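Residue-level structure breakdown
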Amino acid sequence: MALKGKTALITGSTSGIGLAVAQAFASEGVNIVLNGFGKKEDIDAAITSIKGKGVKCLYNGADMTKPDQIVSMVHDAAKEMGSLDILINNAGIQHVAKIEEFPPEKWDAIIAIILSSSFHTIRTAVPYMKKQGWGRIINNASAHALVASPYKAAYVAAKHGLAGLTKTIGVELGENNITCNAICPGYVKTPLVDGQIADTARARGITEEEVVRDVLLKAQWTKKFVTTDQIAKLALFLCSDAAENITGATIPIDGGWTAA
Ligand code: NAD
């Protein structure tokens with residue numbers, strides 16, 4: 001693949017899907033800028049592992065609720081790596097609660113981390129991509145960018161907003177050799193989902209086993225969790241020449257959930 005030597009900035013890449021995507025891009029020779037929270041020893045281990053694949057790797061701890069930190073992170077990434085070719089907006093959090101009990105501060109945080117942060121990374125990264133004449137923007141959205149579930153008002157609103165942002169940027173940059181697409185996964189077994197299992201059990205008054213069988217995988221016709229590796233391979237495909245005409249798309253990888 002012709003991605004060797006390019007640079008990818010991946011938000012929320014200290015864990016779960018983001019980290020798996022970072023590892024997969026590094027394996028293709030892409031220099032990586034990691035972002036996200038976590039224990040210093042875990043982040044250091046991720047950097048060492050990525051550098052072990054023969055690429056450059058930087059870490060920036062910008063908080064995705066802070067626009068000034070987001071903007072500085074994008075500029076620093078481009079300056080320190082020499083280019084910024086691929087932007088993957090992936091940072092996200094979840095909160096599960098009835099609407100009348102939904103904490104306003106959780107609403108604000110989810111909208112900021114999932115939706116507004118993507119606006120800030122994109123608006124700052126696009127001038128670099130336009131100058132280079134090539135760019136790939138991938139928003140890791142969700143099946144919840146396409147359909148709703150109860151008790152997830154902020155997350156579903158933020159992900160639907162991210163789908164709208166994806167379409168707008170895709171068409172706006174159509175002639176700039178920059179594509180913008182959203183990957184819309186169903187349930188992936190990561191720390192974020194592990195947390196939701198307990199929360200959903202509490203909100204619905206059922207056991208954790210019932211949450212997995214009757215709630216999470218109820219709508220996934222394959223009855224399998226999506227894997228981080230499958231998402232990473234889709235992201236790599238979206239960065240290939242074969243995908244240059246895929247833009248503004250919201251692509252489900254959800255075991256058929258949003259088809260029925
Ligand atoms: P995760 O909890 O393993 O990872 C989330 C990442 O976001 C972590 O690196 C965390 O440090 C980072 N993050 C959180 N708040 C941040 C902040 N304020 N600033 C910077 N970084 C921050 O979760 P995951 O399951 O890997 O989720 C990654 C993305 O995939 C999210 O956007 C999520 O909505 C989406 N997604 C997940 C699933 C799933 O089933 N796991 C399904 C569809 C979509």
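The residue numbering used here restarts from 1 in each chain and proceeds along that chain's sequence as written. Only residues with pLDDT of 70 or above have their local features reported here, since the model is predicted, and side-chain atom pairs are shown and tallied only from 80 upward, although totals for entire chains, interfaces and linings are computed over all residues. The side-chain values count all of the structure's non-hydrogen atoms but skip hydrogen atoms and water molecules.

Attention now goes to the domain arrangement of the protein. If you check the domain split of the protein, you get domain 1 (7–186 + 226–252) and domain 2 (189–225). In this document the domain limits rely on a domain assignment from an automatic tool or a database. The straight-line distance from the C-alpha centre of domain 1 to that of domain 2 is 24 Å. Throughout, a contact is declared for two residues whenever any of their heavy atoms are within 4.5 Å. In this assembly, 14 residues from domain 1 lie in contact with 12 residues from domain 2. Any carboxyl oxygen of Asp or Glu that lies within 4 Å of a side-chain nitrogen of Lys or Arg is treated as forming a salt bridge with it. Applying the counting rule to domain 1 against domain 2 returns zero salt bridges. Whenever two N or O atoms come within 3.5 Å, that pair is a polar contact, provided that in protein one can donate a hydrogen and the other can accept it, and provided that, for residues adjacent in sequence, both atoms are side-chain atoms. Applying the counting rule to domain 1 against domain 2 returns one residue pair in polar contact (both at pLDDT 80 or more).

Moving on to the packing of aromatic side chains. Classification of ring pairs rests on two measures: the distance between centres of Phe, Tyr or Trp rings, Trp counted by its six-membered ring, which must be within 6.5 Å, and the angle between planes, read as stacked under 30 degrees, edge-to-face over 60 and tilted in between. As enumerated under the stated definition, the model contains one aromatic pair in all. With centroids separated by 5.4 Å and ring planes inclined at 10°, the aromatic side chains of Tyr187 and Trp257 adopt a geometry described as stacked. With Tyr187 in the loop between strand 6 (178–185) and helix 6 (191–204) and Trp257 in the segment after strand 7 (250–253), this pair connects stretches of sequence that are 70 residues apart. A ring is considered to have a charge above it if a Lys NZ or an Arg CZ atom is located within 6 Å of its centre and within 35 degrees of its normal. The ring of Trp134 has Lys6 lying over it, and the distance from NZ or CZ to the ring centre is 4.3 Å. Helix numbering and strand numbering both begin at the N terminus, where a helix is a DSSP run of H or I of at least 4 residues and a strand a DSSP run of E of at least 2.

Side chains Thr7 and Leu9 project from strand 1 (residues 7–10) onto one buried face, and the interleaved Ala8 and Ile10 project onto a second face that is buried too. With four bridges connecting them, strand 1 and strand 2 (residues 31–35) associate as parallel partners. Counted as the bridge partner of Thr7 is Asn31 from strand 2. Orient the strands so they point away from the viewer; a crossover is then right-handed if the path from the first strand over the helix to the second runs clockwise. The parallel pair strand 1 and strand 2 is bridged by helix 1 (residues 16–27), and the resulting crossover is right-handed. The buried label applies to any residue whose accessible area, calculated with a 1.4 Å probe on protein chains only, is under 20% of its type's maximum; exposed applies above 50%, and partly exposed to all values in between. Here a strand pair is declared whenever DSSP counts at least two bridges between the two strands.

Burial in helix 8 (residues 228–238) covers these residues: Ile231, Ala232, Leu234, Ala235, Leu236 and Leu238. Where the residues of helix 8 are buried, they touch helix 1, strand 5 (135–140), strand 6 and strand 7.

Time to look at the site of the ligand. The cutoff for a nearby residue is simple: one of its non-hydrogen atoms must lie within 4 Å of the molecule or strand. Lining the immediate environment of the ligand, one finds 30 residues, of which Ser15, Asn90, Tyr155, Val188 and Thr190 sit closest. At a separation of 2.8 Å, an oxygen atom of the ligand approaches a polar side-chain atom of Thr14. Within the backbone of Asn90, one N or O atom sits 2.7 Å away from an oxygen atom of the ligand. Computed with the Shrake-Rupley method and a 1.4 Å probe, the accessible areas treat only the protein chains shown as cover for residues. For the ligand, the accessible surface in isolation is 820 Å², of which the surrounding protein chains cover 93%. Looking at the shell around the ligand, the elements with two or more residues in it are helix 1, helix 5 (153–172) and helix 6. If one sorts the elements of the shell around the ligand by residue count, helix 6 sits on top with three residues.

With that out of the way, let us pick up the nonpolar core. Grouping buried Ala, Val, Leu, Ile, Met, Phe, Trp, Tyr and Cys residues that are joined through side-chain atoms within 4.5 Å yields what is termed a nonpolar core. Core analysis: the biggest nonpolar cluster contains 38 residues, and Leu9, Met64, Leu87, Ile122, Ile137 and Ile169 have the highest contact counts within it. Where this core is concerned, the elements lending two or more residues are helix 3 (67–81), helix 4 (104–132), helix 5 and strand 6. Of the residues forming this core, the biggest block, eight residues, is contributed by helix 4. If near-sequence neighbours (up to four positions away) are discounted, Leu9 is found in contact with Val33, Met73, Val74, Leu84, Ile86, Leu87 and Ile88.

Right, let's get into the sheet that holds strand 7. If you trace the seven strands from one edge of the open sheet to the other, you get 3-2-1-4-5-6-7, paired in parallel fashion. Only two strands of the sheet have a single partner each, and these edge strands are strand 3 (57–60) and strand 7. In this sheet, adjacent strand axes meet at a mean angle of 20° when their direction is disregarded. As judged from the three bridges shared by strand 1 and strand 4 (residues 86–89), these two strands associate in the parallel manner. Pairing of Ala8 across the sheet is with Ile86, part of strand 4. Contacting strand 1, strand 2, strand 4 and strand 5, helix 1 crosses the sheet at an angle of about 165° to strand 2. To define axes, lines are fitted to C-alpha atoms, for helices over the stretch in contact only, and angles between the resulting N-to-C directions are given on a 0 to 180 degree scale. In the packing of helix 4 onto the sheet, the strands contacted are strand 4, strand 5 and strand 6, and the crossing angle to strand 4 comes to about 175°.

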